[in-house]
There are 2 protein chains.
Amino acid sequence: MTRKPINLNEKYAKFTEHWSPKVVAEMNDYQFKLAKIQGSFVWHSHADTDEVFIVIEGQMSIDFRDGKVDLKEGEMFVVPKGVEHKPFAEDECKIMFVEPRGVVNTGDAGGELTAEEDVWV
Amino acid sequence: MTRKPINLNEKYAKFTEHWSPKVVAEMNDYQFKLAKIQGSFVWHSHADTDEVFIVIEGQMSIDFRDGKVDLKEGEMFVVPKGVEHKPFAEDECKIMFVEPRGVVNTGDAGGELTAEEDVWV
């Protein structure tokens, strides 16, 4: 039986909206999610988990209260649990991120950018 | 304070050996590891955890007792816990994989390809 790989570009082609995470894989109780982002997200933190960002295409930055990190294709960063952060991308950027199942994208902040959980693509 | 991203190509430039996983990031109790692979690995399984393979450059396949999956750059696959598998790459392939801290690369199989754990690059 030949199994089908998860092709990231094929997955990205299936949605256009920004800041709307789509699950592509699960490993134990963790999920791998894709998103297209553009503009500023909201300041938020996740009290119970670290969060990994991997840039698949484009460039983004993550602002912290005391600085920032700039990320381009082929770069990743781990935001530690409890640390306030605000993702930003001037132009559309394709990212993958990894976090436990059930994590809400806006963390403690809520608001209109809060996405439905566990949406697969 | 400007934080430094984890640049995968810079990390790959720091080692040449095959089948020797290098940790580049930790998220909670999980590790993101890079490896360069070429040739056949050993049949093995991990009784307690799924294992994620992401191809960063090149091509690889993972053989299963009942089939296989072919993976190229930009593709990923989750090997479920307990499932015997044997990674293979004809030409050198750069992969990232994700699994809990403490997982041994050869799983239940052991042998000469067993790598030292928790080696960072």
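Provided above is the structure to which this section pertains.
Structural notes, computed from the coordinates. (Residues numbered from 1 in each chain as written. Chains lettered and ligands numbered in written order. Predicted model: local features only at pLDDT ≥ 70, side-chain atom pairs only at ≥ 80, totals over all residues.)

## Notes on the overall build of chain A
Within chain A, the secondary structure is distributed over one helix and eight strands. Element order for chain A, N to C, with α for helix and β for strand: β-α-β-β-β-β-β-β-β. Once the C-alpha set of chain A is aligned to its principal axes, its extents read approximately 50 × 30 × 25 Å. Put simply, chain A has 121 residues, and 38% of those count as buried. (Helix = DSSP H or I, 4+ residues; strand = E, 2+ residues; numbered from the N terminus. Buried ≥ 20, exposed ≤ 12 C-beta atoms within 10 Å, placed from the backbone.)

## Some thoughts on the relation of the copies chain B and chain A
Relative to chain A, chain B is turned by 180° and slid 0.0 Å along the rotation axis, the superposed coordinates differing by an RMSD of 0.0 Å. Accordingly, the operation relating the two chain copies is best matched by a two-fold axis. Most of the interface of chain B is mirrored in chain A, where 97% of its interface residues again form contacts. (Least-squares fit on C-alpha atoms with pLDDT ≥ 70 in both. Contact = placed C-beta atoms within 7 Å.)

## Structural notes on the nonpolar core
Counting 60 residues, the largest nonpolar core has Val52, Phe53 and Ile95 of chain A together with Phe53 and Ile95 of chain B as its most contacted members. When near neighbours in sequence (up to four residues on either side) are disregarded, Val52 of chain A contacts Met76, Val78, Phe97 and Val98 of chain A together with Ala25, Met27 and Phe32 of chain B. (Core = buried A, V, L, I, M, F, W, Y, C linked by C-beta atoms within 7 Å.)

## Some words on the pairing of strand β6 (residues 59-64) of chain B
All names here are of chain B. Here β6 pairs with strand β7 (residues 67-72) via six bridges, running antiparallel. Counted as the bridge partner of Phe64 is Gly67 from β7. If you look at the hairpin formed by β6 and β7, you'll find two residues sitting between the two strands. Relative to strand β9 (residues 85-100), β6 is paired through four bridges, and the arrangement is antiparallel. Paired with Phe64 across the bridge in β9 is His85. (Pairing = 2+ DSSP bridges.)

## What to know about the interface of chain B and chain A
Each side of the interface is counted separately: chain B has 29 residues, and chain A has 28 residues. Within the residue set of the side of chain B that touches chain A, elements represented by two or more residues are β1 (2-3), β2 (6-7), α1 (8-12), β3 (22-27), β4 (30-40), β7 and β8 (75-79) of chain B. The greatest single-element share of the side of chain B that touches chain A, amounting to five residues, is contributed by β7 of chain B. In the sheet, strand β1 (residues 6-7) of chain A pairs with β8 of chain B via two bridges, with the strands oriented antiparallel. Counted as the bridge partner of Ile6 of chain A is Met76 of chain B from β8 of chain B.

## Details of the environment of Phe88 of chain A
All names here are of chain A. Considering the arrangement of structural elements, one finds Phe88 in strand β8 (residues 85-100). In this structure the C-alpha to C-alpha distance between Phe88 and Ser61, which are 27 residues apart in sequence, comes to 5.3 Å. With sequence-adjacent residues up to four places away left out, Phe88 is seen in contact with Ser40, Phe41, Met60, Ser61 and Asp63.

## Let's talk about unusual backbone geometry
At Asn28 of chain A, a residue that is not glycine, the phi angle is positive and equals roughly 55°. In this fold, Asn28 of chain A is placed in the loop between β2 (22-27) and β3 (30-40).

## A closer look at the pairing of β4 of chain B
All names here are of chain B. Of all 11 residues that make up β4, eight are buried, and the element is covered over most of its length. Pairing of β3 with β4, which is carried by five bridges, proceeds in the antiparallel orientation. Considered in β4, the bridge of Met27 is made with Tyr30. If you look at the hairpin formed by β3 and β4, you'll find two residues sitting between the two strands, and Asn28 has a positive phi there, around 55°.

## So, the environment of His44 of chain B
With respect to the helices, strands and loops of the structure, His44 of chain B is situated in the loop between β4 and β5 (51-57). Discounting chain neighbours no more than four positions away, the residues touching His44 of chain B are Glu84, Thr106, Gly107, Asp108 and Ala109 of chain B.

That is the geometry; function is a separate question.
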